[in-house]
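Survey of secondary and tertiary structure
These are the residues of each chain, in order.
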Amino acid sequence: MTTVWVSPSATSFSCLCETCLEAARRQGLLFSDALMVASVRGSISAETDVAVARCASGHEITLRRVERPPALLRPDDRQLQLK
């Protein structure tokens, strides 16, 4: 099962089905073809904390909303800062 973490403000998502990616790898598909087979897109209500989506093959994908992590206590200039 694939779990996708969605930001608090997201109302749409785009992800890859891990089960489909693994099946494509076993079949020897080119990576670009595997991405097309495993690609999943959709929408999620801003009020929804947990939702379930399905890829084209019917595999279940769990969408979970997650808060941003707290700011670093000691910022490091080498680290990407999200604002």
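Located above this text is the structure these notes cover.
Figured I'd write up the structure that's included with this text. (Residues numbered from 1 in each chain as written. Predicted model: local features only at pLDDT ≥ 70, side-chain atom pairs only at ≥ 80, totals over all residues. Heavy atoms only, no water.)

**So, the overall build of the chain**
For the chain, the helix and strand inventory stands at two helices and five strands. The order of α-helices and β-strands along the chain, N terminus first, is β-β-α-α-β-β-β. For the chain, the proportion of contacts with a sequence separation of at least 24, taken over those separated by at least 6, is 51%. For the chain, the accessible surface area stands at approximately 6500 Å², while carbon and sulfur atoms represent 54% of it. (Helix = DSSP H or I, 4+ residues; strand = E, 2+ residues; numbered from the N terminus. Contact = heavy atoms within 4.5 Å. Areas by Shrake-Rupley, 256 points an atom, 1.4 Å probe, with all protein chains shown as cover.)

**With respect to the pattern of salt bridges**
A full pass over the atoms with the stated rule returns three salt bridges. The partner of E22 in a salt bridge is R25, with the nearest N and O atoms 2.4 Å apart. A residue pair is termed a helical-turn pair when its members lie 3 or 4 positions apart in one helix, as E22 and R25 do in helix α1 (residues 18-27) at three residues. On the accessibility criterion, R25 (55% relative accessible area) is exposed. (Salt bridge = Lys/Arg side-chain N within 4 Å of Asp/Glu carboxyl O. Buried < 20%, exposed > 50% of the residue type's maximum accessible area, 1.4 Å probe, protein only.)

**Quick word on the nonpolar core**
In this structure, V40, I61 and L63 are the most contacted members of the largest nonpolar core, which totals 15 residues. Looking at this core, the elements with two or more residues in it are β1 (2-6), β2 (12-16), β4 (50-54) and β5 (60-65). Those residues in contact with V40, other than ones at most four positions away along the chain, are F13, S14, C15, C17, R54, C55 and I61. (Core = buried A, V, L, I, M, F, W, Y, C linked by side-chain atoms within 4.5 Å.)

**Notes on the environment of E22**
Among the residues examined, E22 registers a relative accessible area of 31% and is labelled partly exposed. Through-space distance from the C-alpha of E22 to that of A38 is 9.3 Å; in sequence the pair is 16 residues apart.

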